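This is what each chain is made of:
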Amino acid sequence: MRATTVLPGTPCPEPPPGDVPLHRLEVVPGAAPFAAGSFDEVGPLSRAEDPHRHTFHEIVHVTAGSGTHVVDLARWPVRPPHLAVISPGQVHHWEGGRDLDGTLVLFTDDFLVDHPEDREVLRRLGERCWFALDPGDDARTGRLMAELVGEHRRRDPGFESVLRSLLHVLVVRADRLPCRDGGRPPSPGRPTALADAFTRLIAGRQAAGWTVRECAGHLGVTPGYLTQAVRAATGRSPGRLLIEARAYQAQQLLAHTELSVRQVAARTGFADPAYFSRFFRRETGTSPGAFRKHHSRRHPSIEAPRPHA
């Protein structure tokens, strides 16, 4: 979505007083919201020592190095090999990182259009966050990450479809991993139950077209309290997340059904198809018809995105 990515070179806005920076993924027009590579290839932000949030998911296979990875104030000592899963909105940074090495994949929610159920799996993984890998898990994870990086670099025909499939396998296998580090340490900064309930609510089609006030009433809280909880957990407002959820639902319907644009508009809470088309273009950068055509043909993207400070 437009709010989770930016054009290359877009300055990062200053965060409100007392808040932390919110990083977006830099994406050229027409490129998929996905990146993969080593710590060095992704750039200095892959080892950032200042607390920050993302609008995208980050999965890190740590194969070497030392230090501490801090996620939502929970401190995880680096004793490779590890797998780390950081969800959008989580605050994290590296402390005392030395010789960190491994592979990262970065992607936004809308890249999961082929496997929307992975959003909930990733939310659970973000709560567990840090996984120690035995030799077998480490080898399997390393092969998958190498395949993701290779597909992303080569951009052969149909590579986006292959990337989504490999990413789905990575997410499913990560969800099978046991918590060998003794479970998640207590974290006062983890997302609240209310923010989680709001996220689950807007993921359902019954919430299409709802306002923040209507969502708050459904959850039994005031709009102000809902806004405070969601912003604290994700760094974004519930209104912004509602907009992104509607656009994401529209993408799924366009990609996986034969519904007309008018029908998709109605399913996502828009009475006026023309207004829906303007909304969809504003949020995704393309028209509903062009999105459906691109998704069905899997045109290769022209340039890789990278993380944005």
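Refer to the structure above for everything that follows.
To start, this report covers the structure provided alongside it. (Residues numbered from 1 in each chain as written. Predicted model: local features only at pLDDT ≥ 70, side-chain atom pairs only at ≥ 80, totals over all residues. Heavy atoms only, no water.)

Turning our eyes to something else, we now look at the pairing of strand E4 (residues 34-38). When you tally the buried positions in E4, you get four out of five residues, the bulk of the element. Bridging between E4 and strand E9 (residues 92-107) involves five bridges; their strand directions are antiparallel. Paired with Ser38 across the strands is Thr103, a residue of E9. (Buried < 20%, exposed > 50% of the residue type's maximum accessible area, 1.4 Å probe, protein only. Helix = DSSP H or I, 4+ residues; strand = E, 2+ residues; numbered from the N terminus. Pairing = 2+ DSSP bridges.)

With that out of the way, let us pick up unusual backbone geometry. For the peptide bond that leads from Pro80 to Pro81, omega is 5°, which places it in the cis range. Tracing the backbone through its elements, the reader meets Pro81 in the loop between strand E7 (74-77) and strand E8 (82-86). Phi is positive for Cys129, which is not a glycine, with a value near 75°. With relative accessibility at 0%, the residue Cys129 sits in the buried group. Here Arg155, not a glycine, exhibits a phi torsion of approximately 55°, which is positive. Residue Arg155 is classed as partly exposed on the basis of its relative accessible area of 27%.

What follows deals with the environment of Pro77. Looking at where Pro77 falls in the secondary structure, it is placed in strand E7. Since its relative accessible area comes to 33%, Pro77 is described here as partly exposed. Separated by 17 residues in sequence, Pro77 and Trp94 place their C-alpha atoms 9.9 Å apart.

This part covers the environment of Val70. Mapped onto the elements, Val70 comes out in strand E6 (residues 57-71). Taking the relative accessible area as the measure of exposure, Val70 reaches 5% and is therefore buried. Remark: the alpha-carbon pair of Val70 and Pro51, spanning 19 residues in sequence, is separated by 8.5 Å. Look past the residues within four positions of Val70 in its chain and what remains in contact with it is Arg75, Val91, His92, His93 and Glu95. (Contact = heavy atoms within 4.5 Å.)

A few words on helix H4 (residues 159-176). Helix length check: H4 (18 residues) gives 26 Å between terminal C-alpha atoms against 26 Å at 1.5 Å per residue, within 8%. Every buried residue of H4 is accounted for by Phe159, Glu160, Leu163, Arg164, Leu166, Leu167, Leu170, Val171 and Ala174. (Expected span 1.5 Å × (residues − 1).)

What follows covers the pattern of salt bridges. Counting across every chain of the model gives 16 salt bridges. Between Arg119 and Asp109 there is a salt bridge, with the nearest N and O atoms lying 3.1 Å from each other. Linking Arg119 in helix H2 (residues 118-128) with Asp109 in the loop between E9 and H2, this pair joins segments that are ten residues apart in sequence. We classify Asp109 as partly exposed; its relative accessible area is 24%. Across the pair Glu283 and Arg240 runs a salt bridge whose closest N-O atoms are separated by 2.2 Å. (Salt bridge = Lys/Arg side-chain N within 4 Å of Asp/Glu carboxyl O.)

Before going further, it helps to examine the pairing of E6. Of the strand pairs in this sheet, E6 and E9 are connected by twelve bridges, and their pairing is antiparallel. The residue of E9 that forms the bridge with Ser66 is Arg98. Alignment of E6 against E8, held across five bridges, turns out to be antiparallel. By the bridge assignment for E8, Val60 is matched with Ala84.

One recurring pattern in soluble globular proteins is that nonpolar side chains are buried together. Core analysis: the biggest nonpolar cluster contains 28 residues, and Phe34, Ile59, Val105, Phe107, Leu148 and Leu167 have the highest contact counts within it. Of all the elements, H4 adds the most residues to this core, at seven residues. Grouped together as the second largest cluster of nonpolar side chains are 22 residues, Phe56, Val62, Val71 and Leu106 included. (Core = buried A, V, L, I, M, F, W, Y, C linked by side-chain atoms within 4.5 Å.)

Nothing here speaks to function; it is geometry throughout.
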